[in-house]
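Structure assessment
Read off the chains here:
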Amino acid sequence: MNTPLPPTAWTTSDEPPLARLRWAAGDAVTVARRYLIHLRSAPERAAMALVIPLLFTMLFVYVLGSNMRPPGGGSYVDFLVPGMLAQMAVFGIAASAAVVAEDKDRGVTDRFHSLPMSRTGVPVGQSLAECLGGVITLVVMAGCGLLVGWRPTGVVAGLALLLLVRYAFSWLGMWIGLVMPSRSATDFVGMLMFPLTMISNIFVPTEGLPAGLRLAADWNPVSAVVAAVRELFGNPVAVPADAAWPIAHPVVATLGWCLLLLVVFGPLTVAAFRAPKH
Amino acid sequence: MPPPPLDAAAIEVRGLRKRFGPISALGGVDLTVEPGTVCGLLGPNGAGKTTLVRILATLSLPDGGVARVAGHDVVQHPARVRGSIALTGQYASVDEVISGRDNLEMFARLYRMRGPAVRRRAEELLERFGLEDAAHRPVRTYSGGMRRRLDLAVGLVVPPGVIFLDEPTTGLDPQSRGGLWESVRELVRAGTTVLLTTQYLDEADQLADRIAVLADPEGTGGRVVAEGTPFELKSALGGESIDLTVRHAEQLGPATEILARAGGRLPTTGDDPRRVTLAVGAEAEPGTAVLAAALRELDAAGIAVEDLALRRPTLDEVFLNLMNRQREAV
């Protein structure tokens, strides 16, 4: 055995805070790197990340969009694609819940727990990995959109905001994955994605909805995200005079939602991950 | 590189208790494992083996009592404990999606190795455990034996002071089994302490210096009901016996009398008309002395012996015997 090994009994709890932070960052990068290796080792997962945006473009642009006219004219594709990009960002909840719950089921989480590594490093690394997954999905989705005639005036600010959304929502997903008893128990998250994205302004303007439903749709965080990226991509929709506050101030509202998710589910997730279980 | 020596016991458990709601899983466990030894932790399902290991590995908190691993209290200094242990088997899995090499490199980084040392350490372990050819394949394609070896290799990225092994050779062919046992012995020679949980008693018999039997006879939570070397447990709980088979059935009578004289108690006969069995225990004369005396007298009496053997019980028999006694005592 010639490789020099680190000391066997170093103690993370006894280190100065700055050193601990440095090691925690290193652990997070190692955990995030694992996701890239997953893509390489299981190409079928990578293929899924490509197939879903393609499928959704087909379904919504050509089936649903064949007979839709957006409010105030313009193309339905310009109305729809920013919404579908937001949808992809929000789907991160289900993805991260599944990944975290699967690790827990398989005993990988216990292995991490038994290591002298940073306990914050694992969820942070997992969330970074979700971001990487988000970049792939969003870029593919945007590419599909451009192919079917989406014409944004700029993409950087919009995609950056969507990445932040994906990141913030992944913490909610991870928390769900950690508190659920098993991987299969997280399936409901996938089901919840339907009302969460359908009761919003992704596919239709909310003005035409029944009053109660419209209230729900306007205050649905997804609607604020969609309105914000329509603005940032240069595909804005005229804001009705009686619009709810998040629709009238979508970028601020989106940043607020993200901050709220991070402030609430960041600490909850880290705590759920640290807590010794049964 | 050997792990640092431990001053005190590698594992020290006193009065450890754990409840899950109304169910008591551990009802006051006491256990001491000396450094550089293998302790086999046996017990029926539900006796609390998993609960005990999870507490010792800081994955779970006890409700009462004290547990120290490598000198560190598991409740007060869990991070120090984690710096000294490795967890394997059903308790902690590797990543099935990625390859064996990717797993080793990931865990090497999490053990704070950096740069070229990461790859070198992974290669060393792949070679040591004969996994070079499968190094690039996803772990889900590995055979049972390869998986166990990788599992152990991951636990040894940085040699731990204490390693928790769980049924390391279940389902392996005899050759892989022997190879894995040799790896564990090598580890112990280098100074690592092993807590081995298993249902397979010959595995414990092969590897363990001492054995602790965890059971829950009164339904008040698991506790250690027997402890000792495999030899001690066999002598105390299993009882040895002398099996005699004579060539001619008509000589069984005189042969039985001779055995009774040599052993000082009455032998038993079964269905076989040529066979008699004498129980010899720790409280009587040593089995070997009785055997020698019996052999001399049988020879002098001119009895044709087909087979004469001193039989030690297997650990399985000890275990069953112990479980039966527990049941009767309640």
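Everything in this summary refers to the structure shown in the same document. (Residues numbered from 1 in each chain as written. Chains lettered and ligands numbered in written order. Predicted model: local features only at pLDDT ≥ 70, side-chain atom pairs only at ≥ 80, totals over all residues. Heavy atoms only, no water.)

Another aspect to go through is the environment of Ala309 of chain B. Residues and elements named next belong to chain B. Here Ala309 is to be found in strand E14 (residues 305-311). Residues Ala309 and Leu244, 65 residues apart in the sequence, show an inter-C-alpha distance of 6.7 Å. Apart from residues no more than four positions distant in its own chain, Ala309 is found in contact with Ser241, Ile242, Asp243 and Leu291. (Helix = DSSP H or I, 4+ residues; strand = E, 2+ residues; numbered from the N terminus. Contact = heavy atoms within 4.5 Å.)

Attention shifts here to empty space enclosed by the protein. Residue and element names in this part refer to chain A. Taken as a whole and assessed by the stated rule, the structure comprises four cavities of 30 Å³ or more. In this structure, the largest cavity occupies an estimated 80 Å³ of space. Lining the largest cavity are Val100, Asp103, Thr109, Phe112, Val122, Pro123, Gln126, Met174, Leu178, Thr269 and Phe273. Put simply, the parts of the chain that give the lining of the largest cavity at least two residues each are helix H4 (92-106), helix H5 (108-114), helix H6 (121-147), helix H7 (156-179) and helix H12 (250-274). Looking at the lining of the largest cavity element by element, the count peaks at three residues for H6. Along the lines of polarity and charge, the residues of the lining of the largest cavity split into seven nonpolar, three polar and one charged. Of the voids in this model, the second largest cavity is the one considered here, and its volume is about 40 Å³. (1 Å grid on protein atoms, 1.4 Å probe; cavity = no way out; pocket = protein on both sides within 12 Å on 5 of 7 lines; lining within 4 Å. Points joined across faces, edges and corners; volume = space filled by probe spheres on them. Nonpolar A, V, L, I, M, F, W, Y, C, P; charged D, E, K, R; others polar.)

Residues Leu259, Leu260, Val263, Val264 and Leu268 of chain A make up a contiguous nonpolar surface patch of about 440 Å² in total accessible area. With respect to the helices and strands, Leu268 of chain A occurs in helix H12. (Patch = residues over 30% accessible without salt bridge, like charges linked within 9 Å, V, L, I, M, F, W, Y side chains within 5 Å. Areas by Shrake-Rupley, 256 points an atom, 1.4 Å probe, with all protein chains shown as cover. Salt bridge = Lys/Arg side-chain N within 4 Å of Asp/Glu carboxyl O.)

Residue and element names in this part refer to chain B. Judged by pairing direction, the sheet is antiparallel, and its four strands sit side by side in the order E12-E13-E11-E14 without closing on themselves. Taken across any chain shown, the strands that pair with only one partner, and hence form the sheet edges, are strand E12 (268-269) and E14. Looking at chain direction, E12 and strand E13 (residues 275-280) are connected through two bridges and run antiparallel. Its bridge partner being in E13, Thr269 is matched across the sheet by Val276. The sheet contacts of helix H9 (residues 252-263) involve strand E11 (240-246), E12 and E13, and relative to E13 the element is tilted by about 5 degrees. Set on the sheet, helix H10 (residues 287-300) makes contact with E11, E13 and E14; between it and E14 the angle comes to about 165 degrees. (Pairing = 2+ DSSP bridges. Axes fitted to C-alpha atoms, helices over the stretch in contact; angles between N-to-C directions.)

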